[in-house]
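In case you want the letters, here they are:
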Amino acid sequence: MASPPSAKIEINSELLAHAHVSKAWPFEEARKVLSRLKRIPQPTGAIIFETGYGPSGLPHIGTFGEVARTTMVRHAFRVLTEDKVPTRLICFSDDMDGLRKVPDNIPNKAMVEQHLGKPLTQVPDPFGEHPSFGQHNNARLKSFLDTFGFDYEFLSATQCYTSGRFDATLLKVLEHYDEIRDVILPTLGPERRATYSPFLPISPETGKVLQVPIIDRDLAAGSIVYKDPDSGKLTQVAVTRGHCKLQWKADWAMRWAALGIDYEMAGKDLIDSVRLSGRICRILGRQQPEGFNYELFLDENGEKISKSRGNGLTIEEWLAYASPESLALYMYQSPKKAKRLYFDVIPRAVDEYVGHLAAYPKEEQAAKLMNPVWHVHEGNPPQADLPISFALLLNLASASNSEDREVLWGFIQRYMPDATPEGHPLLDDLVGYAIRYFHDFVKPSKQYRTPTEKERAALVDLDRRLGAFPEKVLAEEIQNEVYAVGKEHGFEPLRDWFQALYQVLLGQSQGPRFGSFVELYGIPETRALIVKALK
């Protein structure tokens, strides 16, 4: 999906001219970064994009979406700057956060429970594979990103804090302590306000991340004083070298300032957090990154998807029935609109991906930049000869009740005699996805119904007309005849006739263009379906 790291981009004057005015959202976002580049000197020389990850759980579909979308903006920026400005994508893991609760999906829960409150990188790995639970989940994240070919640099909060990378900015937070508190306090309730401090000391005694009031600050020593909640003793700790971490809004701002982040997008639920962190970032002497707030995903009931509730679609589930590219397309489309993310959206996403691929070679340059596959494939979409839609393959499996690849390829080869799985690997992938989707979703929910008298008469007429066709007949001619039957038998609107065909013949409420289905499935086979239904 993504290009190899640092792959050179082919840019010509026509592409560049269209890119500067393209209304495709990655270009609109990239132009914001380009404007920033002209306004603000870049200390590192590179434009830095970032995505953040909370490693208390496993990578999920939202993780993929954020990295995929940021990668699209980064690529658009590289085109606008003719690839003359270096760029980096940092994937940042907040692995110094204290573990608040034991996840449901891990072994050795009792052992992990003994370490609640400690930074994730100080909690033993319940899987026994890594030095800590944080490192285990970081490894899962890196493996996840590598699977999709993303070009990124991984940074760990623990390493950045303990190595001293954040020290200079942490001392600035200490210097501007009261100003930062003044940003956050109005957003808190009375109890929380009484104890709030941007700094969370790591207890030298228990190793836990402490949320305690700060009694005193020593700018010269770069330290804070707090009362130990267990012993009641006043304890002084440095704010540097990992002896403290920051509360998350201050932490986000500190990270932007310390790493020189230029672009980071976030979910709509974080709009207020972005605003507050932006104010803190400016207090620390840096402009907050560019970015936008994307909408959240909803389940089939229109409710917000929650990791803990498990009411959404996992990335593993999507990839069982469709390609990563179709998922990237789904992430590309309308990122500022709430979208439902459940199994029913997969077939349409696959067919939209296939349709955009097919259209791409015939388009003018301006249209190509508006085509999602240009962004999904970083300006180099593959050639694909896919005259058969995913929906049609699903209906072939449904009509034949077959989960055999060879059976489906038999139908395909009737339509494309020279086609082979080896010569059409993308189509063969679709066959495999269609069989799996049919087995898991279509087959269990099939509900055939008997035709009404009106439908019966129309089906008898359709059967007669199909029988009158010559051996080779095009889908359009079949479709016209199906239309004619519907009209002559008084179906109003005509979609009632097509819905009846799907329900009576295929046991489902919708389906593909019926003429295309008959051409591929075969006239004798379709007539056999009608005879079976009439019985």
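Not measured: the values here are computed from a predicted model.

1. Points about the pairing of strand β5 (residues 214-218)
Argument step 1. Note: β5 against strand β6 (residues 223-227), four bridges, orientation antiparallel. Paired with R217 across the two strands is I224, which belongs to β6.

2. Describing helix α8 (residues 177-184)
Three or four residues apart is the spacing at which side chains of an α-helix point the same way, because the helix has 3.6 residues per turn.
Argument step 1. Of all the residues in α8, the buried ones are Y177, I180, R181, V183 and I184. Down the axis, α8 shows its buried residues gathered within 155 degrees of arc, on one side only.
Argument step 2. Where α8 is buried, its residues meet α7 (167-175), α9 (190-195), β4 (199-201), β5, α10 (248-259) and α11 (271-283).

3. Some points on the packing of aromatic side chains
Argument step 1. Going through the model one piece at a time under the given rule, you end up with 26 aromatic pairs.
Argument step 2. Each ring, one from Y177 and one from F199, has its centre 6.3 Å from the other, and the planes form 5 degrees; the classification is stacked. Here F199 lies in strand β4 and Y177 lies in helix α8, a separation of 22 residues in the sequence. Grouping residues by exposure puts Y177 and F199 together as buried.
Argument step 3. An aromatic cluster is built from F411, Y502, F514, F517 and Y521, whose rings are joined through pairwise contacts.
Argument step 4. The side chain of R69 reaches across the aromatic face of Y294, ending 5.3 Å from its centre.
Argument step 5. One residue, K454, lies across the ring of F491, its end atom 4.6 Å from the ring centre.

Conventions adopted
- Residues numbered from 1 in each chain as written.
- Predicted model: local features only at pLDDT ≥ 70, side-chain atom pairs only at ≥ 80, totals over all residues.
- Heavy atoms only, no water.
- Pairing = 2+ DSSP bridges.
- Helix = DSSP H or I, 4+ residues; strand = E, 2+ residues; numbered from the N terminus.
- Buried < 20%, exposed > 50% of the residue type's maximum accessible area, 1.4 Å probe, protein only.
- Arc of directions from axis to C-beta.
- Contact = heavy atoms within 4.5 Å.
- Phe/Tyr/Trp six-rings, centres within 6.5 Å; stacked < 30°, edge-to-face > 60°.
- Lys NZ or Arg CZ within 6 Å of the ring centre and 35° of its normal.

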